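Listed below, chain by chain, are the residues.
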Amino acid sequence: MPFTELSAEPCCRRRDFATAAIHAGYSPVDDGLDAVVPPIFASAAFDLETAARGDRLSSGIEEGFAYSRVANPTVDILERRIAALEGGTNAVAVGSGMAAVSFALLGAAEGGGRLVAPTNLYGASVDAMASFFPHFGVRTDFVKNINDPAEVEAAIGPDTRAVFAESIANPSTEPTDVRRLADIAHRHGIPLIVDNTVPTPALFRPIEHGADVVVHSTTKGICGHGNAVGGVIVDSGRFDWSDAARFPHLSEPELVVSPSPEQPWDSFVSAHGPHDAYIRRIRTKYVRTFGAVLSPFNAYLQLVGLETLDVRTRQEVRSATAVAQWLLTNPHVTQANYSGLALAERVGHAATPADDIVRRDFPDGVGTILSFEVEGGRDVVDRILDGVEVFTYVPNIGDVRSMIVDPARITHREVHPDHRAANGVTDTLIRLSIGLESPADLIADLSQAFEHAYR
Ligand SMILES: *Cc1c(COP(=O)(O)O)cnc(C)c1O
């Protein structure tokens, strides 16, 4: 029987990453379709077959597909595959990375909770937490250095519901010590949620280091070709959400998870257990209500993208390292930010605590973005942006095309100037996302753009 179950089960036997990226979550024969490539199920609704089954499906006694705002078979394959690649037990795919970040954070802190996070986050995430989520009663205590245990401990209070960080920050590429942060969060009975967009699971799997929930913008490296927007929330299945004082919304009785209005109502915790309550509720309340679903077509594009994630990432990390090394030798570059250089030879560089985290947790690289400061002012930045020919000027990362952007004006425009300054997002900072073009061509392109800019 094809697809009779949603993503509640562990997704597949753990295989090597490159193999799982091609096979996890779908079997042409076992799923009864014989189609080698996961098909696009372009159907809004699914036949309930009989009155009895319709009743079982809508009461949640039986799992299956009924309506694509809640679940869709193509999207389900993507969810299973990414859950397998991240080492999670369950995943919910959504319409964008920001939907994933918003649902994951509100799903933990809704109804008056607080979050602890650094300020060196994706621009829209930090803006949402600083100025939008408070309208929904969710407030954030920002810390300066997420790798400083004392500062994080001090920020956690009785209302704190989760700690949130990016595994590798964008655009500074600073690494987060996920293991230490998870230990701190768990000592306080709260989960660690990690945005793993920049390294992708090819380079880093936060759940293996103690994280409870992982979010991605699948628009980026996972899709890899810049042709579909999407996001995903992956659950480790390890965090116990049954503390009704800390997470009252997960223990409150709700008709939507109850077999009938007449019997005593269940809560997400009583219906799905303490470990699955949170991710189940994200699908049933957030995706079903706010409706930020991933389309089956975009899920298909991302499944195809995932097939080459491993080999793409390896090549892009090699090229990003070569570009970073070239930037270090450029007299007009006053600072190059690529924490992955800790893995390469670096001349005249004093070791930092970040180097130790990178060497221990990111042995295959930190990702394909890097940033650098140029000497001069905004006019120089403009001339470099206008001068590149191989790099494309866009607010995106993780594409096979190499891309360039000035974060202060574009991707971090909405970030408060204080947060921007604290994270080195100055007017003369340029971010690169390295794709699959020849590294020699990328360096030659930057070189001619610099010549043009400083002529
Ligand atoms: C792009 C990005 C997001 C948002 O993803 P969208 O798919 O653009 O909504 C969130 N976090 C990080 C780290 C990102 O790079």
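Computed from a prediction, not measured in an experiment: that's the story for all the values here.

Rules and cut-offs
Throughout, a residue's number is its position along its own chain's written sequence, starting from 1. Confidence filtering applies because this is a predicted model: local features only for residues at pLDDT of at least 70, side-chain atom pairs given and counted only at 80 or more, and all residues used for totals across whole chains, interfaces and linings. The basis for every side-chain value is the complete set of heavy atoms in the structure, and neither hydrogens nor water enter the calculation. Near is defined per residue: the residue qualifies when any heavy atom it owns lies within 4 Å of the molecule or strand. Here a polar contact means two N or O atoms within 3.5 Å. Within protein one must be a hydrogen donor candidate and the other an acceptor candidate, and residues neighboring in sequence count only if both atoms are side-chain atoms. Computed with a 1.4 Å probe, the accessible areas rest on the Shrake-Rupley method; for each residue, only the protein chains presented here act as cover. Gly counts as polar in this scheme, as do all residues outside two lists: the nonpolar Ala, Val, Leu, Ile, Met, Phe, Trp, Tyr, Cys and Pro, and the charged Asp, Glu, Lys and Arg. In this entry, domain limits derive from an automatic or database-based domain assignment. Contact criterion: two residues are considered in contact whenever any of their non-hydrogen atoms come within 4.5 Å of each other. In short, buried area is how much 1.4 Å probe accessible area vanishes from two parts on joining, totalled over both. Any carboxyl oxygen of Asp or Glu within 4 Å of a side-chain nitrogen of Lys or Arg constitutes a salt bridge here. Strands here are runs of E lasting at least two residues and helices are runs of H or I lasting at least four, both read from the DSSP assignment and numbered beginning at the N terminus. UniProt positions are given in the numbering used here, feature names are shortened, and annotations may be inferred rather than shown by experiment. Each residue is assigned to one of three classes by its accessible area relative to the maximum for its type, calculated with a 1.4 Å probe on protein chains only: buried under 20%, partly exposed between the two thresholds, exposed over 50%. Paired strands are those between which DSSP finds at least two bridges. If you view a crossover with the strands going away from you and the path from the first strand over the helix to the second runs clockwise, you call it right-handed. For this analysis, a ring pair means two rings from Phe, Tyr or Trp (six-membered ring only for Trp) whose centres lie within 6.5 Å, classed as stacked if their planes differ by under 30 degrees, edge-to-face if by over 60, and tilted for the remaining angles.

J.: Would you mind showing me how to read the site of the ligand here?
T.: Taken together, the neighbourhood of the ligand is formed by 13 residues, with Met 98, Asp 195, Ser 217, Thr 219 and Lys 220 sitting nearest. Within the contact set of the ligand, a nitrogen atom lies 2.7 Å away from a side-chain nitrogen or oxygen of Asp 195. For the ligand, an oxygen atom lies 2.8 Å from a polar atom in the side chain of Lys 220. Considering the ligand on its own, with 380 Å² of exposed area, one finds that the protein chains cover 92% of that surface. Taken together, the residues of the shell around the ligand sort by class into three nonpolar, seven polar and three charged.

J.: Got a minute to help me understand the domain arrangement of the chain in this structure?
T.: Many analyses report the size of an interface as the accessible area lost when the parts associate. Per the domain assignment, the segments making up the chain are domain 1 (14-306) and domain 2 (309-454). Computed over C-alpha atoms, the centres of domain 1 and domain 2 are 29 Å apart. If you look at the interface, domain 1 gives 40 residues, while domain 2 gives 37 residues. Each partner contributes to the roughly 3,000 Å² buried at the junction of domain 1 and domain 2, and carbon and sulfur atoms together form 61% of this total. Of all residues in domain 1, Pro 171, Thr 173 and Leu 203 give up the largest surface area on contact with domain 2, accounting jointly for 22% of the area buried on that side. In this assembly, domain 1 and domain 2 are joined by one salt bridge. One salt bridge in this structure joins Arg 360 and Asp 177, with 3.0 Å as the shortest N-O distance. Those elements that place two or more of their residues in the side of domain 1 that touches domain 2 are α1 (17-23), α5 (123-132), α8 (200-203) and α12 (296-306).

J.: Just checking my understanding: could you explain the UniProt feature "modified residue: N6-(pyridoxal phosphate)lysine" (unreviewed entry) in the chain for this structure?
T.: In the numbering adopted here, UniProt assigns the feature "modified residue: N6-(pyridoxal phosphate)lysine" (unreviewed entry) to Lys 220. One can find Lys 220 in the loop between β6 (213-217) and β7 (231-235). Excluding anything up to four places from it in sequence, Lys 220 contacts Tyr 122, Thr 197, Asn 396, Ile 397 and Gly 398.

J.: Is there a simple way to think about the side chain of Asp 177 in this case?
T.: Position of Asp 177 relative to the elements: it lies in the loop between β4 (160-166) and α7 (178-187). When neighbours within four sequence positions are excluded, Asp 177 is seen to be in contact with Asn 147, Ile 357 and Arg 360.

J.: Whenever I open this one, the pairing of strand β5 (residues 192-195) confuses me. Can you help?
T.: Consecutive side chains along a regular strand alternate between the two faces of the sheet. Judged by which residues are buried, β5 turns out to be covered on both faces: Leu 192 and Val 194 on one side and Ile 193 and Asp 195 on the other are all buried. As paired strands, β4 and β5 are joined by four bridges and run parallel to one another. Across the sheet, the residue bridging to Phe 164 is Ile 193, located in β5. The parallel pair β4 and β5 is bridged by α7, and the resulting crossover is right-handed.

J.: How should the packing of aromatic side chains be read in this particular structure?
T.: Given two aromatic rings, one states the distance between the centres and the angle between the planes to describe the pair. Counted under the stated rule, the structure contains 14 aromatic pairs. With centroids separated by 5.4 Å and ring planes inclined at 45°, the aromatic side chains of Phe 103 and Tyr 286 adopt a geometry described as tilted. Taken as a pair, Phe 103 in helix α4 (residues 97-109) and Tyr 286 in helix α11 (residues 277-290) lie far apart in primary sequence, 183 residues in all. According to the relative accessible area criterion, Phe 103 is buried, its value standing at 6%. The exposure class assigned to Tyr 286 is buried, which follows from its relative accessible area of 5%. With a centroid separation of 6.0 Å and 40° between ring planes, the pair formed by Phe 103 and Phe 290 is classed as tilted. You can see Phe 103 sitting in helix α4 and its partner Phe 290 sitting in helix α11, a full 187 residues away along the chain.

J.: Before we go on, may I ask you to explain the pattern of salt bridges in this structure?
T.: Pairs can form between side chains of opposite charge whenever their charged atoms are close. Applying the stated rule across the entire model yields 22 salt bridges. Here Lys 285 makes a salt bridge to Glu 254, at a shortest N to O gap of 2.5 Å. With a gap of 31 residues between them, Lys 285 in helix α11 and Glu 254 in the loop between α9 (248-251) and α10 (268-272) connect regions that are remote in the sequence. Among the residues examined, Lys 285 registers a relative accessible area of 25% and is labelled partly exposed. The exposure class assigned to Glu 254 is buried, which follows from its relative accessible area of 7%. Put simply, Asp 356 and Arg 359 hold a salt bridge, and the shortest N to O gap is 3.9 Å. Pair noted here: Asp 356 and Arg 359 are both in helix α14 (residues 353-361), with a separation of three residues, about one helical turn. Classification of Arg 359 as partly exposed rests on a relative accessible area of 43%.

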